Amino acid sequence: MNLLPDYSMNTDIPFDPARIPASFARCFQGDCPKAGACVRFLAGKHVPAGKLSGPAVYPTARRGDDCELYKPTRVIRAAYGFTALFAEVKRKDDTPLRDRLKAYLGGNTTYYRYHHGERLLTPEQQEWILALFRRKGYTEGLRFDGYKELYDFGQGI
């Protein structure tokens, strides 16, 4: 199951500058041939008022028409919530699946942040979780409670 549809330059998806991680390097090199397709340059166009410094891509990252820090703009389908996943799970499988999921996500607190939509699951995390359920024999109707399409900054969401 491929959860990575090609949304690469879908301008219908709203860009939320608040989702840009503080540690994400922004680019300001408008003359770069890849600027129009680079999420770092897109982030650089959305610096909040009052922000005076932060991580940046230096001109030395460019080598001719290539950039070592180029990151293509990609929109992902992020997910949250586990109620639908566990709806048909047998009682004997519930606790082992939930414990394995909590361990994968980093513990109880993080698990509940993903469950309540405070944090969002990347497509790669979704694939891992769905594979876990499939290994236990659950193959029908595997879905999360909700989905959001958003820009991928590659540092977790």
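Conventions adopted
- Residues numbered from 1 in each chain as written.
- Predicted model: local features only at pLDDT ≥ 70, side-chain atom pairs only at ≥ 80, totals over all residues.
- Heavy atoms only, no water.
- Helix = DSSP H or I, 4+ residues; strand = E, 2+ residues; numbered from the N terminus.
- Buried < 20%, exposed > 50% of the residue type's maximum accessible area, 1.4 Å probe, protein only.
- Contact = heavy atoms within 4.5 Å.
- Polar contact = N/O pair within 3.5 Å; in protein donor to acceptor, adjacent residues only side chain to side chain.
- Expected span 1.5 Å × (residues − 1).
- Arc of directions from axis to C-beta.
- Axes fitted to C-alpha atoms, helices over the stretch in contact; angles between N-to-C directions.
- Parallel < 35°, antiparallel > 145°, perpendicular 65-115°, else oblique.
- Left-handed = near helix turned anticlockwise from the far one by under 90°.
- Core = buried A, V, L, I, M, F, W, Y, C linked by side-chain atoms within 4.5 Å.
- pLDDT = per-residue confidence, 0-100.
- Nonpolar A, V, L, I, M, F, W, Y, C, P; charged D, E, K, R; others polar.

A.B. asks: Looking at this model, I keep getting lost on the overall build of the chain. Mind explaining?
C.D. replies: Along the backbone of the chain there are five helices and four strands. Principal-axis analysis of the C-alpha atoms gives the chain an extent of 60 × 30 × 25 Å. Across the 157 residues of the chain, 41% fall into the buried class. A separation threshold of at least 6 residues defines the contact pool for the chain, and within that pool the share at least 24 residues apart is 74%.

A.B. asks: What should I look at first to understand the side chain of Asp152 in this one?
C.D. replies: Here Asp152 is to be found in the segment after strand E4 (146-151). For Asp152, a relative accessible area of 8% translates into the label buried. Within the local environment of Asp152, its side chain forms a polar contact with the side chain of Arg74, the two groups lying 2.8 Å apart. Setting aside anything within four residues of it in sequence, one finds Asp152 in contact with Val39, Lys71, Arg74 and Ile76.

A.B. asks: Help me understand helix H3 (residues 91-105) in this model?
C.D. replies: Helical periodicity: at 3.6 residues per turn, an α-helix aligns residues three or four positions apart in one direction. Its 15 residues place the ends of H3 22 Å apart at the C-alpha level, agreeing with the 21 Å of an ideal helix rising 1.5 Å per residue. Every buried residue of H3 is accounted for by Asp93, Leu97, Leu101, Lys102 and Leu105. Take H3 and look down its axis: the buried residues cluster within an arc of 155°, on one side only. Those residues of H3 that are exposed and aimed more than 90 degrees away from the buried face are Lys92 and Ala103. Close packing links the buried residues of H3 with helix H2 (83-86), helix H4 (108-115) and helix H5 (123-135). A positive phi of about 110° marks Gly106, the residue just after H3.

A.B. asks: Whenever I open this one, the side chain of Gln29 confuses me. Can you help?
C.D. replies: Looking at where Gln29 falls in the secondary structure, it is placed in the segment before helix H1 (39-44). Looking at Gln29, the relative accessible area reads 11%, which means it is buried. Within polar-contact distance, the side chain of Gln29 engages the side chain of Arg62 at 3.4 Å. With near-sequence residues (within four places) excluded, Gln29 lies in contact with Ala35, Phe41, Val57, Tyr58, Pro59 and Arg62.

A.B. asks: What am I meant to see in the packing of H3 against H5 here?
C.D. replies: Helix-helix packing is characterised by the crossing angle of the two axes and by the distance between the axes. Viewed as axis vectors pointing N to C, H3 and H5 meet at an angle of 155°, and their least axial separation amounts to 11 Å. With respect to each other, H3 and H5 are oriented roughly antiparallel. Relative to H5, H3 is oriented so that their crossing is right-handed. Taken together, the residues of H5 that come into contact with H3 (itself represented by Leu97, Arg100, Leu101, Tyr104 and Leu105) are Glu124, Gln125, Trp128, Ile129, Leu132 and Phe133.

A.B. asks: How do you make sense of the nonpolar core when you look at a structure like this?
C.D. replies: Nonpolar side chains in soluble globular proteins tend to be buried together. Counting 18 residues, the largest nonpolar core has Phe82, Leu85, Phe86, Leu121, Ile129, Phe133 and Phe144 as the members making the most contacts within it. Those elements that place two or more of their residues in this core are H2, H3, H4 and H5. The element best represented in this core is H5, accounting for four residues. Membership of the second largest hydrophobic core comes to 10 residues, among which are Phe24, Leu42, Ala43 and Tyr151.

A.B. asks: Would you mind showing me how to read the confidence of the model for the chain here?
C.D. replies: In low-pLDDT segments, the atomic positions of the prediction should not be examined closely. Confidence in the prediction for the chain averages 89 pLDDT; 91% of positions are at 70 or higher. Predicted confidence for residues 1-10 stays below pLDDT 50, and this span has 20 contacts to residues more than four positions away or in other chains.

A.B. asks: It is not clear to me how the packing of H3 against H4 should be interpreted in this structure. Could you clarify?
C.D. replies: Between H3 and H4, the shortest axis-to-axis distance is 8 Å and the interhelical angle comes to 95°. Put simply, H3 runs roughly perpendicular to H4. Contacts from Arg98, Leu101, Lys102 and Leu105 of H3 reach H4 at Asn108, Thr110, Tyr111, Tyr112 and Tyr114. Within the contact of H3 with H4, the residues separate by chemical class into five nonpolar, two polar and two charged.

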